[in-house]
Every structure is written in C-alpha cells, then in structure tokens.
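# Descriptive structure summary
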There are 2 protein chains.
Amino acid sequence: MRKTLIFGHKSPDTDTICSALVYADLKSVLGVEAQPARLGDVNQETQYALDYFGAEAPERIEEVGGDVSDVILVDHNESQQSADNLQDFRISEVIDHHRVANFETKEPLYMRVEPVGCTATILNDMYKEKGVVVSPKNAGLLLSAIMSDSLLLKSPTCTEADREAAYELAGIAGVDVETYGLDMLKAGADLSDKSAYDLTTMDAKEFTMGDAKVQIAQVNAVDTNQIYESQAAIEKEIDQLIKDNGLDLFLFVATDILENDSDVLVLGTATDRAEQAFDVSLDDNNRAFLKGVVSRKKQVVIPLTEAFTK
Amino acid sequence: MRKTLIFGHKSPDTDTICSALVYADLKSVLGVEAQPARLGDVNQETQYALDYFGAEAPERIEEVGGDVSDVILVDHNESQQSADNLQDFRISEVIDHHRVANFETKEPLYMRVEPVGCTATILNDMYKEKGVVVSPKNAGLLLSAIMSDSLLLKSPTCTEADREAAYELAGIAGVDVETYGLDMLKAGADLSDKSAYDLTTMDAKEFTMGDAKVQIAQVNAVDTNQIYESQAAIEKEIDQLIKDNGLDLFLFVATDILENDSDVLVLGTATDRAEQAFDVSLDDNNRAFLKGVVSRKKQVVIPLTEAFTK
C-alpha cells in the first residue's frame, strides 16, 4: 500500500513535530497507512518533550520521496516553508492555524485551518470527532505543542480552546500544566551550545510580503542579553543569509520567556519597514525592544505585512 | 454593529446563492450580524429553488462596501472568482469544496474545505455541530444546492456524504429527492429566452493554469443540439470575451443532464491543450463530444490544468 506522508514546516518546532507524530498515529488508527516525517533538526525543547513522553522523532527527509501516494501538511501551508518538491505530490489534507498564502492544489482537499494558537488543539478536537481516545503519550505530545506555541498559555495567540485543551491533555498525560510547560521551555531556552548559525536558523521562517522576501527567526531565552553577547557573529550569519537567499529583510527576534518581551535585531535594505511596523527606532546596534511582543505570527508578521503592503 | 458579509462566486449558481443565504441565517442564529450577498444574476434553476421554498435572493453587490467588518466566502476561494475589492477586507471564514488557489490572507482564519460535492453538505454538518435545527425552508435550499452541484446525485463529484445529506434534507423539506431535483434542473435547462451572450457568461469561471488564463462556461441542457443551433453567435461572443479578458483558451461545455455527457466548444490560441487534456480531436466545428463528462471541477479543470502545467 502506498503511504501518506505527514509533515510540518522547515526549521521544525514542537507543534510541527508533535502534530506530525500524533496525526500519523490517529490516521493509522483510522486505517490509513500514514508516516510522520520532519524537514529539519529537532530542537532542544522538542527533544525534551519527546524524551519526557517516550516518543521517537519522526524520520528526517530532505524532500518527499519513496512510495508516497499523497501528503498531509500540518502546522503550515505556505509552500516556501514546506518540502521543496511539494508541487509534485497530491496534498490530500492540511491541518493548520496560520494565515493562508502561497498555497495551491490542483484538486479539492480536506483543509482545516482554525484561528487557534496551536495545531495540536485542532487535533485534540479531531480525536473527539472521530471517537478515538488520546493515549497519555500522545496527550503529552499535544500538550507540549500547545505550551510551546502559546509560551505557557501567555501569548496573545492563545485562545480559550487552547487553554481548555491544555488542561484536558495534561490530565490525560498526568503532568502539571505550568510545571511541565516551564521545564520544557527552559530546556529549549538553554542556548549554551548554540553557534551563531544555529541561533539564526533553528526557528526561521520565510515570508513574501508585497514584493519583498522577509525572513524572521525567533529564539526563546531566559536572558536575551546573553544571546547578544555574540551579536557580531550573529550579524555576520544574517548578512550571509540575506546574500544567499536574496532577502530584503531579516528579523532576529530574541524572546524573553519569563518577561514576555522581545529584543529584535533587524538587518537588510528594508529596515525602515520594520521601524514603521513596530513604531520604533532601531538603536545604533540595529536593535529595538518590543514590549509585550512574543508571537511571531500575530505581533510580528501581521504589522510587518501591513508595512510592506499598504 | 458592523456586519459580516457572506457571498459565493461570480456568475452565481444554486450552491453559491443557497449557501450564502443559509449560512447567513445560521450565523444570525449564533449571534453574528451576518448578511448574504451575491455577485451576479440569479439563474433560472436557482430562481426555481428560491420560489419553491419561499426564499428571497440575497442583495446583489458589485463589490464589498458599506459597514462591513469582515467577509465570509462560501463555495469559492480563488480571488478572480470573488469580489474585485476582496483584498481590502478581512476574510474571517471560507466554507468551500473546491481546489485552493490564488487565495491569501494576512491573518489566521477559519477555513473549512472538504472534498465533497457541494458546500451545502458541509453546512448541513455545521448545523449539527452547532446544535441548531435546520428549518424546512433552509433544508430545501441546501437540498437544491446538492441536487444542482451533483446533477441529481450522478456527478463523479458526488460523495456518500452528499447523498446522505440530500435524503436527510429532503425529509425535512418535505419533497421527493428525484422528482424535485429533476424539476429544478429542467427549470434551469430551459434556455429558450437565453441570448448567445447569456449562454457564454451565465455560469462561467476563470482559472489560471500555468501561465495561461482559461475561462470555462458550462450550460446544462435537455438537448445540447438545440444550443448549437446558434453556434455562430456563441462563437462571436466567445471571441469577444477572449479579446476583452486576454484569455488563452475558452471552453464552452454544454452538458446533457439526462444523458450525462457533454458537447464542448473550444476556442483560443491554446486549443491543443484541450485536445491533449481530453484525448480528443476537435471537429471542423471546433467541438468535441466528451463521453460521461458532467463535472467542470473534476473532469474538466483537473485534466486541463495538468495539460497546461506538465
């Protein structure tokens, strides 16, 4: 039987990895030959979650291949964030919670996008709709995704549905929401062994805004000052990324997970658009403090897109 | 309170009109200030359904305007099939059953696309999920949409879900599925008062295939030969449409609703792609018989897109 491949976005985060794993499991229960995959390295936060609940990371692939009948995208839909050869395959489903753009199919599909904080919250609903019980392991993985995307339920992207799902799943998984969540986030915020290259690429997403190509990297930290001790090296990596990928703008968003603010580093030819978007002036270090900004999707992409398109 | 405007595609068909009406009603029951609208004339088939179940056509608009907070698209998502100034408004929801293309939002939304034969089938599910009872009038409108899109449940796009919904809704509406459906389709297939311009535009949709601009009109008839008695006049209108809209290809699909075949007329510079797509040779009249072809979405758009992109 040809299989269905399920994967999330490049530079995978906890929601992308856990949603691929759990949805592949649900599909298998429903009789579909489904296999989870990932398009990049597992980050430390996600590894903590996988280890905690005894799960294996999905197989890493560079592109879709093998005996694949169709693909299911979780946690993304924009083609530049997906497998490079996506257009050669039939997309049968999308389960996502982002804006929709740069996405096209030849045929009708099952596409479920909801304005919630996390793909895992949608998957939790799908278990109920299908009448399938979530195992403690899968509940733990879904909970991890929600705590990650919602920064401990404190991000403005977090909805009542995410909050309810988190407490419900924590009950099944047998962990305390706050304690587990903070431990997981701290594991991810341990940046001691990260190179400047790692920091700028480990959670980076590319966007088309108007005619501009924009890349936005985000790093969670307990102390953002520590990150910027290597600012010179980080800037060098970003300059290279701008050159290699023909970017107009690169935002490096260092987010303080305890204070819930961000310190952003902005490089490229279109830095004025970032200043306009956030109503700030960059300091001599090309940086600005963004009070209360923790969500790339809601507090960075939206105002920046507006600055590029209005 | 600023309102939510709900509408389907240009050149509205029965699913587009009825889904806009019924979903606006459901939204109102759920406490949303929703108003249905339409982007074109009501066709005879749809008018029959509206009259039969005592419904008024939604207000016709040329573009989105007035005190609108956001819009909901039903039965379409491709921007060229939607309101011309769509990009100026926030799209909060899409309920659809077509392929996804040329669609983009700035923000996350509720997007529900399912590979079923009709938007109305999805709406019938949504009533259940929300715990709202469908009134006999709304059930009749939803049934009409299903019978129209599925050509009396015989189109290859028709799924088991559409069939079940049709029988369930017919029970609520108090009509016989087959008798009512055939009467409605025959009312729509009465082309006696249609000009060549009407025939080529009343159910026409535009598609981007590769780099090509393609328009596909479909007309249901009890006797397709009767339509082609005015072929010269139809070709003249199509030539004008090709010129005015910069089209590479125009397909005029005349579908026999009793025999479930189509007789297609093909004009433009890319007619070879149509021959390739359907594995036919056009006759001296620029026409070809397409055995068993009744679904534009599944049996015309898909092979034609492949011919343009491979």
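This is a predicted model, so every value here is computed, not measured.

### Remarks on the overall build of chain A
Scanning chain A for helices and strands turns up 11 helices and 11 strands. Taken over C-alpha atoms, the radius of gyration comes to 19 Å for chain A, in line with the 19 Å a tight globule of 310 residues would show. Projected onto its principal axes, the C-alpha positions of chain A cover 60 × 45 × 35 Å. Looking at the 310 residues of chain A, the share that counts as buried comes to 61%. Approximately 12200 Å² of chain A is accessible, and the part contributed by carbon and sulfur atoms is 44%.

### As for the sheet that holds strand β9 (residues 249-256) of chain B
All names here are of chain B. Strand order in the open sheet formed by 5 strands is β7-β8-β9-β10-β11, and the pairing between neighbours is mixed. Each end of this open sheet is capped by a strand with a single partner; those strands are β7 (204-209) and β11 (287-290). Adjacent strand axes in the sheet meet at a mean angle of 25°, parallel and antiparallel pairs treated alike.

### A few points about the packing of helix α2 (residues 44-52) of chain B against helix α6 (residues 177-188) of chain B
Residue and element names in this part refer to chain B. Remark: α2 packs on α6, axes separated minimally by 6 Å, with the N-to-C direction vectors making an angle of 135°. In this view, α2 runs oblique relative to α6, as classed from their interaxial angle. At the point where α2 passes α6, the crossing takes the right-handed sense. Judged by residue contacts, Q44, E45, Y48, A49 and Y52 of α2 engage Y180, D183, M184, L185, A187 and G188 from α6. The residue inventory of the contact of α2 with α6, partitioned by class, reads 7 nonpolar, 2 polar and 2 charged.

### What to know about the UniProt feature "binding site: Mn(2+) 1" (unreviewed entry) in chain A
All names here are of chain A. The feature "binding site: Mn(2+) 1" (unreviewed entry), as annotated in UniProt, sits at H9, D13 and D75 in this numbering. For the annotated residues, spread through 67 residues, the largest C-alpha to C-alpha distance comes to 9.6 Å, consistent with a single compact locus. Relative to the assigned elements, H9 resides in the loop between β1 (3-7) and α1 (14-29). Aside from chain neighbours lying at most four places away, what touches H9 is T16, L39, V74, D75, H76, Q81 and K205. A distance of 3.0 Å separates the side chain of H9 from the side chain of T16, its partner in a polar contact. For D75, the position within the fold is in the loop between β4 (68-74) and β5 (91-96).

### Let's talk about the pairing of β1(A)
Residues and elements named next belong to chain A. The element β1 is largely enclosed, with a buried count of 5 among its 5 residues. What you see with β1 is no split at all: K3, L5 and F7 on one side and T4 and I6 on the other are buried throughout. The pairing of β1 with β4 spans 5 bridges and is classified as parallel. Across the sheet, residue T4 finds its bridge partner in β4, namely D70. Of the strand pairs in this sheet, β1 and strand β2 (residues 34-38) are connected by 3 bridges, and their pairing is parallel. Bridge assignment links I6 to a residue of β2, and that residue is P36.

### Regarding the environment of L267(A)
Residues and elements named next belong to chain A. Structurally, the position occupied by L267 is in strand β10 (residues 261-268). L267 sits 16 residues away from L251 along the chain, and the two C-alpha atoms are 6.7 Å apart. Aside from chain neighbours lying at most four places away, what touches L267 is E235, I238, D239, I242, L249, F250 and N286.

### Structural notes on the packing of helix α3 (residues 119-130) of chain B against helix α4 (residues 136-149) of chain B
How two helices sit against one another is set out by the angle between their axes and by the gap between those axes. Running from N to C, α3(B) and α4(B) point in directions that differ by 145°, and their axes come no closer than 8 Å. Touching A120(B), T121(B), L123(B), N124(B) and Y127(B) of α3(B) are N138(B), L142(B), A145(B) and I146(B), all from α4(B).

Thresholds applied
- Counting of residues starts from 1 at the beginning of each chain's written sequence and follows it residue by residue.
- Written order decides the labels, with chains lettered from A and ligands numbered from 1.
- Two thresholds apply to this predicted model, a pLDDT of at least 70 for residue-level local features and 80 or more for giving and counting side-chain atom pairs, whereas whole-chain, interface and lining totals are computed over all residues.
- For side-chain calculations, the full set of non-hydrogen atoms in the structure is used, while hydrogens and water are omitted.
- Where helices and strands are cited, they refer to DSSP runs of H or I of at least four residues and of E of at least two residues respectively, numbered from the N terminus.
- As defined in this context, the radius of gyration uses C-alpha atoms, and a globule is described by 2.2 Å times the residue total to the power 0.38.
- Here's how the labels work: a residue is buried when its accessible area is under 20% of the maximum for its type, exposed when over 50%, partly exposed in between, all with a 1.4 Å probe on protein chains only.
- Where accessible areas are quoted, they stem from the Shrake-Rupley method and a 1.4 Å probe; at the residue level, only the protein chains shown are allowed to cover.
- Should DSSP find at least two bridges between two strands, the strands are taken to pair.
- Inter-axis angles, ranging from 0 to 180 degrees, are taken between N-to-C directions of lines fitted to C-alpha atoms, where helices are fitted over the stretch in contact.
- We call two directions roughly parallel when the angle between them is under 35 degrees, roughly antiparallel when it is over 145, roughly perpendicular when it lies between 65 and 115, and oblique otherwise.
- The handedness criterion is simple: a crossing whose near helix is rotated anticlockwise from the far helix by less than a right angle is left-handed, and one whose near helix is rotated clockwise is right-handed.
- Contacts between residues were defined by any pair of non-hydrogen atoms, one from each residue, lying within 4.5 Å.
- Here the term charged refers only to Asp, Glu, Lys and Arg, the term nonpolar to Ala, Val, Leu, Ile, Met, Phe, Trp, Tyr, Cys and Pro, and the term polar to all other amino acids, Gly among them.
- UniProt positions are given in the numbering used here, feature names are shortened, and annotations may be inferred rather than shown by experiment.
- Here a polar contact means two N or O atoms within 3.5 Å. Within protein one must be a hydrogen donor candidate and the other an acceptor candidate, and residues neighboring in sequence count only if both atoms are side-chain atoms.

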